[in-house]
Amino acid sequence: MKKLIVIIAALYTTFSINPNITMAESKPDRPSINSEAAMVLEANTGKVLYEKNAEASMYPASLTKIATAIYAIENGDLNDTVTVSEKAYETGGSSVFLEEGDQATLKELIQGLLLNSGNDAGVAIAEHLSGSVEQFSIDLNAYLEEKAGVEQTDFKNPHGLFNAEHRTTAEDLAEITKYAQKNETFNEIYGLETLDWDGEKWDATLYTHHRLMREDPYEGVTGGKTGYVPQSGFTLATSASRDHMDLIVITMKSRTKDLSYEDTKKLLDYGFEHYQTSTLKPEEKFPGVKEDYQLPEEISYTHQKGKTVQAEIDESGMLSVTDSDGDEIYSSQMEKVKEKPTPPAEKQELETPGWQDYWTLFIFPRHFWVTEIYEELHGS
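Sequence order as written defines residue numbering, which begins from 1 separately in each chain. Totals for whole chains, interfaces and linings use every residue, but because this is a predicted model, local features are given only for residues with pLDDT of at least 70 and side-chain atom pairs only at 80 or more, for both listing and counting. Hydrogens and water are ignored here; the side-chain numbers use all heavy atoms of the structure.

### Examining the packing of helix α1 (residues 64-75) against helix α6 (residues 170-180)
Consideration 1: Helix axes are fitted only over the stretch in contact, all axes being lines through C-alpha atoms; the angle between N-to-C directions runs from 0 to 180 degrees. Helix and strand definitions here come from DSSP, where helices need a minimum of 4 consecutive H or I residues and strands a minimum of 2 consecutive E residues; each element is numbered from the N-terminal end. Orientation of α1 relative to α6, taken along the N-to-C sense of each, is 30°, at an axis distance of 10 Å. Between α1 and α6, the interaxial angle falls into the category roughly parallel. As for the relative orientation of α1 and α6, their crossing is left-handed in sense. Seen from α1, the contacting residues are Ile 66, Ala 67, Ile 70 and Glu 74; seen from α6, they are Ile 176, Thr 177, Tyr 179 and Ala 180. Convention used here: angles under 35 degrees read as roughly parallel, angles over 145 as roughly antiparallel, angles from 65 to 115 as roughly perpendicular, and any remaining angle as oblique. A crossing counts as left-handed when the near helix is turned anticlockwise from the far one by less than a right angle, and as right-handed when that turn is clockwise. Whether two residues are in contact is decided by their heavy atoms: any pair within 4.5 Å suffices.

### Points about empty space enclosed by the protein
Consideration 1: A pocket here means an open set of points on a 1 Å grid, computed over the protein atoms alone, that has protein on both sides within 12 Å along at least five of seven lines. A cavity is instead a set of points where a 1.4 Å probe fits but cannot get out; residues with an atom within 4 Å of a point line either one. Grid points are joined across faces, edges and corners, and a volume is the space filled by probe spheres set on the points. Throughout the structure, instances matching the rule amount to one cavity of 30 Å³ or more.
Consideration 2: Quantified by volume, the largest cavity comes out at close to 30 Å³.
Consideration 3: Lining the largest cavity are Leu 114, Leu 115, Thr 208, His 209, His 210, Gly 224, Lys 225 and Thr 226.
Consideration 4: For the lining of the largest cavity, the elements supplying multiple residues, two or more each, are α3 (106-115) and β8 (221-229).

### Considering the sheet that holds β8
Consideration 1: Criterion used throughout: strands pair if DSSP finds at least two bridges between them. The antiparallel open sheet is built from five strands, whose spatial order is β3-β2-β10-β9-β8. The two strands at the open ends of the sheet, each matched to only one other strand, are β3 (48-52) and β8. Neighbour-to-neighbour, the strand axes of the sheet open up by a mean angle of 5°, direction not taken into account.
Consideration 2: Here four bridges tie strand β2 (residues 37-42) to β3, and the two strands are oriented antiparallel to one another. Looking across to β3, one finds that Val 40 is bridged to Tyr 50.
Consideration 3: The sheet strands contacting helix α8 (residues 257-274) are β2, β3, β8, β9 (233-242) and β10 (245-254), and the helix crosses β10 at an angle near 150°.

### So, the pattern of salt bridges
Consideration 1: Any carboxyl oxygen of Asp or Glu within 4 Å of a side-chain nitrogen of Lys or Arg constitutes a salt bridge here. Applying the stated rule across the entire model yields 10 salt bridges.
Consideration 2: Here Arg 242 makes a salt bridge to Glu 219, at a shortest N to O gap of 3.9 Å. Residue Arg 242 is found in strand β9, and its partner Glu 219 is found in the loop between β7 (203-207) and β8; the two are separated by 23 residues along the sequence.
Consideration 3: On the accessibility criterion, Arg 242 (22% relative accessible area) is partly exposed.
Consideration 4: We call a residue buried when its accessible area falls under 20% of the maximum for its residue type, exposed when it is over 50%, and partly exposed in between, using a 1.4 Å probe and counting protein chains only. Residue classification places Glu 219 among the exposed residues on the basis of a relative accessible area of 57%.
Consideration 5: A salt bridge links Glu 298 to Lys 281; the nearest nitrogen and oxygen atoms lie 3.0 Å apart. Residue Glu 298 is located in the loop between β12 (293-294) and β13 (299-304), and its partner Lys 281 is located in the loop between β11 (275-280) and β12; the two are separated by 17 residues in the primary sequence.

See below:
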C-alpha cells in the first residue's frame, strides 16, 4: 500500500523550518541516577521519556497515599464526617495526631494524608469508605486496575507501612499519578505547600514534606509526595509543568533522601531540556495529501527537540508520526471528510394567470381589452 509522507520540522508546533538551526539527530545521553528504579512520563501524551527498572516489583512506602487519595475523592463524599477509630489512632509512623473519637471531614483527612503523610488519616479513610483496611485494599486494587490500567500493583493497606506483599512498580505509580492528576480536587490538595490544621485537640500549620515545593523550589513543580520505610528506601513522586509539558517523575529505593532529590532534579532537567510536545489540529493541511481525510480531534505528541519528525498517511487514512530513527511517536485513524451535498437548483415556476387578472376586460371598451389580451399572451 502506498503511503503519502510529510516531513515535519519538529522545532516548533507550527512545523516551520528555521534554516539557521542544525537538526540534532543523536539521542540525548541518559542521566545516571542512584535510585534503583525510576520513570519519567509526559502526562498529556503518555510518552515515556526515561525508565530504569520501571517494571520491577518494589515497596512504594507512602507513595501509596496518592492512590488512597484519588480513590477517596472519587468514591466518597468530601463533606462526610469521619469518626476516628482506635485502630486509626494506634497506627504508627507519620501522622496528623488523630485521637480515638476525633471527628474530621473526609476532605480534611485527605489533606492530612497527602500533606503531612498521615498514616492515621489513611486508616480512618479506609474504615469510613470500606469498613476495614482489608476490604479497602481489595476495593482500591480493583479501582486502580480499572481506572489507571495498572497490572503490577497489589496494595495491602492505605498508607504504605511495610507489608511484604504490598508492592507496585515505578511504571504503575506513574500511571496512577497520571490518572489522579486528571481530577481538580486531587491537584488542589497534591499541590498544597502549607495548610492550617484545625484539629479537635490541637491546631497547627502543616507543611509539605517535598523539598522541591518549599526548601529547594524547582521551576514549574506542581505537586509531589515523599515516602520512606527501611525496606523501601526513599521514594519520591514529583510533577512539574513547563512549555506545554507536564512531567511525572517517580524514583524508588534511593539510599538517602538527598540522592532521591538529586535523581529527581536530573530527570526533570533531562525531560524539559531534551523533549517537547507538539500539536496537530483537525484543520491541519499536509502538503501533497488529498483532502479526503482530517484528524477527528486535536492531537498532541511528545518528541525529542531538534529531531526530524515525519507523518505518514496511508491510503486508508491512518496517520503515523515517527522520528528519524523509525520509532513511532503517535498513530491515529483520520476521518474521511464527507462531501457536502450540492443543493438542488431552485425551479422557476411560471405563474398561470387567473380570472382575476382579466376582470378589467369586462369593464373597458372592446378595442382596449383586445390589445391587453394580445399583450398578455404574446408579451409586450
